[in-house]
Amino acid sequence: VQLQASGGGLVQAGGSLRLSCAASGRTFSRYGMGWFRQAPGKEREFVAAISQSSGGTTYADSVKGRFTISRDNAKNTVYLQMNSLKPEDTAVYYCAAAPSIAIMSTFGFWGQGTQVTVSS
């Protein structure tokens with residue numbers, strides 16, 4: 001599966017952005033989907049994930065209550081709604097696909113990343 005992330009940009013602290021990740025192919029619904037991010041000088045970290053049927057979601061503690069992951073299998077797209085953004089949310093955000101979101105190491109398909117910058 002090929003992934004294309006979009007929707008990043010520059011926003012003030014407290015603002016919102018919605019990221020999208022479009023997937024190619026007819027197997028999108030077979031994959032759990034996740035969002036990860038990497039800030040300058042830091043390692044990539046998990047942000048959120050959603051199961052194949054949207055029945056299960058999981059979030060990093062740092063974004064719980066502010067970010068919401070969702071998917072539309074008819075549109076082969078996963079979203080990340082980001083509210084109450086903070087400067088520490090500044091990073092390149094990547095979407096990824098995995099057979100099981102319960103096993104982080106199975107995220108084997110990655111998009112190209114989209115930059116999110118939050119100004120204070």
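Description of the structure in this document. (Residues numbered from 1 in each chain as written. Predicted model: local features only at pLDDT ≥ 70, side-chain atom pairs only at ≥ 80, totals over all residues. Heavy atoms only, no water.)

With that out of the way, let us pick up the environment of Leu10. Looking at where Leu10 falls in the secondary structure, it is placed in strand β2 (residues 9–12). Since its relative accessible area comes to 65%, Leu10 is described here as exposed. Taking the C-alpha atoms as reference, Leu10 lies 23 Å from Tyr59; in sequence the two are 49 residues apart. Filtering out sequence-adjacent residues up to four positions away, Leu10 remains in contact with Thr117 and Ser119. (Helix = DSSP H or I, 4+ residues; strand = E, 2+ residues; numbered from the N terminus. Buried < 20%, exposed > 50% of the residue type's maximum accessible area, 1.4 Å probe, protein only. Contact = heavy atoms within 4.5 Å.)

What follows concerns the sheet that holds strand β3 (residues 17–23). Overall, antiparallel pairing links the four strands, which are arranged β1-β3-β8-β7 in an open sheet. If you trace the sheet from one side to the other, it starts and ends with β1 (3–6) and β7 (67–72), each paired once. If you compare each strand with its neighbour and ignore which way they point, the axes differ by 15 degrees on average. When β1 meets β3, the two strands line up antiparallel, connected through four bridges. Across the sheet, residue Leu3 finds its bridge partner in β3, namely Ala23. (Pairing = 2+ DSSP bridges. Axes fitted to C-alpha atoms, helices over the stretch in contact; angles between N-to-C directions.)

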